[in-house]
Amino acid sequence: MYRALTRDIEVTVEPYYLEEQSDPDDSRYVWGYRIVIANHSGVAVRLMTRYWHITDENGQVDEVSGPGVIGEQPLLNPGDTYEYSSGCPLDTPSGVMFGHYSMEAEDGETFNVAIPAFSLDSPGLVRTLN
């Protein structure tokens, strides 16, 4: 589980490998991830946009941005949580993702909320520590 807290907005990420959608013989590795966004602040916020920075184990970077998440721009009142799941395919057996959400507070102020960096590692992957 990975966590980041920005202005009392907490983002928790839980990645998992999707073996049934992956095909290592064809260099296709797929992960799902579950995200929970919790509004611990005293004001309502709306998730307006997302930005992802995805790096595979070869250093290849893919940047993804767009409105909302999974077709929604959820409003989180104080104390609310919002949960969704999505996925990420890679050509390599491991990688790293991080990013941010652009939020709009009820007074019209916009600010970014960090999505913590999290690793995408295939089961059985042997890592070498330097």
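Above this text is the structure in question.
The notes below deal with the structure included here. Since we're looking at a predicted model, the values are computed, not measured.

From N to C terminus, the protein includes zero helices and nine strands. For the protein, the succession of helices and strands along the chain, N to C, is β-β-β-β-β-β-β-β-β. C-alpha atoms of the protein, sized along the principal axes, occupy 50 × 30 × 25 Å. Here the protein, with 130 residues, has 41% of them falling under the buried criterion. Total accessible area on the protein is roughly 7200 Å²; 45% of this is exposed by carbon and sulfur atoms. Averaging the locations of the 7 positively and 21 negatively charged side chains of the protein gives two centres separated by 4 Å.

Turning next to the nonpolar core. A general trend in soluble globular proteins is that nonpolar side chains are found buried together. Core analysis: the largest hydrophobic core is formed by 28 residues, its most contacted members being Ile35, Ile37, Trp52, Tyr101 and Met103. Secondary structure elements with two or more residues in this core: β2 (9–17), β3 (29–39), β4 (45–56), β7 (81–90), β8 (94–105) and β9 (110–121). Not counting the four nearest positions on each side in its chain, Trp52 is found in contact with Tyr33, Ile35, Asp62, Glu63, Val64, Tyr84, Met97, Phe98, Gly99, Tyr101, Ile115 and Phe118.

Attention shifts here to the pairing of β3. In terms of burial, β3 is a largely internal element, nine of the eleven residues being buried. Note: β2 against β3, nine bridges, orientation antiparallel. By the bridge assignment for β3, Glu14 is matched with Arg34. Where β3 lies against β7, ten bridges are found, and the strand directions are antiparallel. Paired with Trp31 across the bridge in β7 is Cys88.

Thresholds, definitions, all that
- Residues numbered from 1 in each chain as written.
- Predicted model: local features only at pLDDT ≥ 70, side-chain atom pairs only at ≥ 80, totals over all residues.
- Heavy atoms only, no water.
- Helix = DSSP H or I, 4+ residues; strand = E, 2+ residues; numbered from the N terminus.
- Buried < 20%, exposed > 50% of the residue type's maximum accessible area, 1.4 Å probe, protein only.
- Areas by Shrake-Rupley, 256 points an atom, 1.4 Å probe, with all protein chains shown as cover.
- Lys, Arg positive; Asp, Glu negative; His and termini not counted.
- Charge placed at Lys NZ, Arg CZ, Asp CG, Glu CD.
- Core = buried A, V, L, I, M, F, W, Y, C linked by side-chain atoms within 4.5 Å.
- Contact = heavy atoms within 4.5 Å.
- Pairing = 2+ DSSP bridges.

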